Structure formats: structure tokens, C-alpha cells
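Descriptive structure summary
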Amino acid sequence: DVQLQASGGGSVQAGSSLRLSCAASGFTFDDYHIGWFRQAPGKDREWVSSIDDSGDIKLNRYSVEGRFTISRDNAKSTVYLEMNNLKPEDTAVYYCAFMSAPWRWTRIASRYDYWGQGTQVTVSS
């Protein structure tokens, strides 16, 4: 069975860092694009970052500014999201998601096949 386990969230103060992980099993990890999404209460789901099957990295405007980085370890079937200089507006449930590589990569959440259960990130001021 497909299993996705997101972890690494927590409650931190603004300016601190967290490293989220998502460990996967039950499918061919190397053949999937990976995205990180987040959803805050009362807000739409937001794409955060992605890394495709070849390792090409894509970032949203916040990550482009230098706060977040994404990486994948195919040997461990794990994807990471390094979040630095966290802000209260980063508070959300963070989800890892996987999209089959034969399709063109997209940041549209509905195109992803598998989703982790999410991990809560809470940033206080």
C-alpha cells in the first residue's frame, strides 16, 4: 500500500527554522514529482515548493526570496522542506504530495496523486 508520512512540524517562534520530512513507500519514488503545499485556517491550499523527478527545483515567491529550500533523497524515498526565518503567516498544515512523472509538472493540487497526512507548523510572534 502507498504510505506517506509527513513529520517535522511544531510550534516555534518567528525567526526560527524547521525541517519538514516526508517519507514515502509503496510506489516508485524516483518516478514522481514532489510538491509541498500548505493550508491555513480559512485559506485556500497554497503551493509552496516542488522538485521534479530529475531534481529540478521550483519555488513560490516566498521561497524565491530565500527562506525555503526543497530537496529529495531517492535512496531514502524522502523529500525535505527546509524552512528558515519563519513568520507567523507561515502557520499552516503542510502537506507533501506526489505526481506521476509522465504528466507535465504543475503546481495545481488536484493533479497530484498521493498526499501525506500533513504536519502542523505554528509560528508565534
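This text follows the structure it describes.
Presented here is an overview of the structure given in this document. Everything numeric in this text was worked out from a predicted model, so none of it was measured.

Here we take up the packing of aromatic side chains. Going through the model one piece at a time under the given rule, you end up with 10 aromatic pairs. The interplanar angle of 75° and the centroid separation of 6.3 Å between the aromatic rings of Tyr95 and Trp115 together place this pair among those described as edge-to-face. Within this pair, whereas Tyr95 is found in strand 9 (residues 92-100), its partner Trp115 is found in strand 10 (residues 114-115), the two being separated by 20 residues in sequence. Here the aromatic rings of Tyr112 and Trp115 are separated by 6.2 Å at their centres, their planes lie at 65°, and the arrangement is edge-to-face. The class for Tyr112 is buried, based on a relative accessible area of 6%. Chaining the aromatic ring pairs together yields one cluster made of Phe27, Phe29, Tyr32, Phe98 and Tyr114. Looking at Arg19, its charged tip hangs above the ring of Tyr80, at a distance of 3.9 Å from the centre. We note Arg45 situated over the ring of Trp115; from NZ or CZ to the ring centre the distance is 4.6 Å.

Below, the discussion takes up the pattern of salt bridges. Summed over all chains, the structure comprises 5 salt bridges. One continuous salt-bridge network, built from bridges that share partners, spans Arg38, Glu46, Arg67 and Asp90.

Cut-offs and rules
Residues numbered from 1 in each chain as written. Predicted model: local features only at pLDDT ≥ 70, side-chain atom pairs only at ≥ 80, totals over all residues. Heavy atoms only, no water. Phe/Tyr/Trp six-rings, centres within 6.5 Å; stacked < 30°, edge-to-face > 60°. Helix = DSSP H or I, 4+ residues; strand = E, 2+ residues; numbered from the N terminus. Buried < 20%, exposed > 50% of the residue type's maximum accessible area, 1.4 Å probe, protein only. Lys NZ or Arg CZ within 6 Å of the ring centre and 35° of its normal. Salt bridge = Lys/Arg side-chain N within 4 Å of Asp/Glu carboxyl O.

Everything listed is a geometric property; what it means functionally is a separate question.
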